[in-house]
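# Descriptive structure summary
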Amino acid sequence: MFKLAPSILAADFNRLGAQIAEVEAAGADELHIDVMDGVFVPSISFGMPLITSIRKESNMFFDVHLMITEPIRYLDEFIKCGADGITVHAEACEDLEETVRELKKRNVKVGVSVKPATQIAAIKAVAPMLDRVLVMTVEPGFGGQKLIPACVDKVKELREYREKFGYKFDIEVDGGIGLSNVKEVYEAGAEVFVAGTAVFRGNIAENVKHFKGEIISAY
Ligand code: DX5
Ligand code: ZN
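## Concerning the environment of D29
Its location among the elements puts D29 in the loop between α1 (16-26) and β2 (30-36). The class of D29 is partly exposed, set by a relative accessible area of 27%. As a C-alpha pair, D29 and S180 span 151 residues in sequence and 20 Å in three-dimensional space. With residues near it in sequence (within four places) discarded, D29 still touches F2, K3, L4, M60, F61 and K212. Separated by 2.8 Å, the side chain of D29 and the backbone nitrogen of L4 make a polar contact.

Here you go:
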């Protein structure tokens, strides 16, 4: 499986609707939506009103990445405004199992993310319940950073772990993904690729097509 999930954090917010329509028409698989609270990560991005607004114009799968402290407080709000998938951070939850159990009661795909320094062991207790594990390939908080190579080894480790136990979650990567490294990260075992800068800088439709081409032409 190869899915591309453009991150709107790198979009031009003045033309957000048009740019979302462009990635969708070009064949992007999901839309990645980065919510930051200025506490769990240093920056603040956007929240429910923006998601509500773009939901009216797009049928894409909304992959909502919550970089917020104690996301359990806001699950219903994010579902109500249009999230199809919600990913919380293992490090941001006082009780990760409880947070995942609450998400599982709702009609949403459930993901857990780990920061670069967090070990795969952090998701062990919830792994059988998950639809997705997001391996951060940069320190969360900002777009436009360089991928940390050690995180690619973590993708390999996670893929082996999943195969060993027969879990069903898909493996997503986020941060510094571009045409120069997408093949390597795919080979390490990732399946869903978030890309902000590499999609929204330059010709958006061409960028989306090039991403897909990198993988399709290689296999
Ligand atoms: C970082 C965000 C990413 C970011 C990726 O905290 O989670 O989704 O938008 O941006 P690029 O692809 O530019 O590294
Ligand atoms: Zn993200």
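## Things to note about the sheet that holds strand β8 (residues 192-195)
Reading across from one edge, β1-β8-β7-β6-β5-β4-β3-β2 is the order of the eight strands in this open sheet, with parallel pairing throughout. Each end of this open sheet is capped by a strand with a single partner; those strands are β1 (3-6) and β2. Within the sheet, the average angular offset between the axes of one strand and its neighbour, ignoring direction, is 25°. Sheet topology note: the strand β4 (residues 85-89)/strand β5 (residues 109-114) ladder contains five bridges and is parallel. For T87, the partnering residue across the bridge sits in β5 and is G111.

What counts and how
Residues numbered from 1 in each chain as written. Chains lettered and ligands numbered in written order. Predicted model: local features only at pLDDT ≥ 70, side-chain atom pairs only at ≥ 80, totals over all residues. Heavy atoms only, no water. Helix = DSSP H or I, 4+ residues; strand = E, 2+ residues; numbered from the N terminus. Buried < 20%, exposed > 50% of the residue type's maximum accessible area, 1.4 Å probe, protein only. Contact = heavy atoms within 4.5 Å. Polar contact = N/O pair within 3.5 Å; in protein donor to acceptor, adjacent residues only side chain to side chain. Pairing = 2+ DSSP bridges. Axes fitted to C-alpha atoms, helices over the stretch in contact; angles between N-to-C directions.

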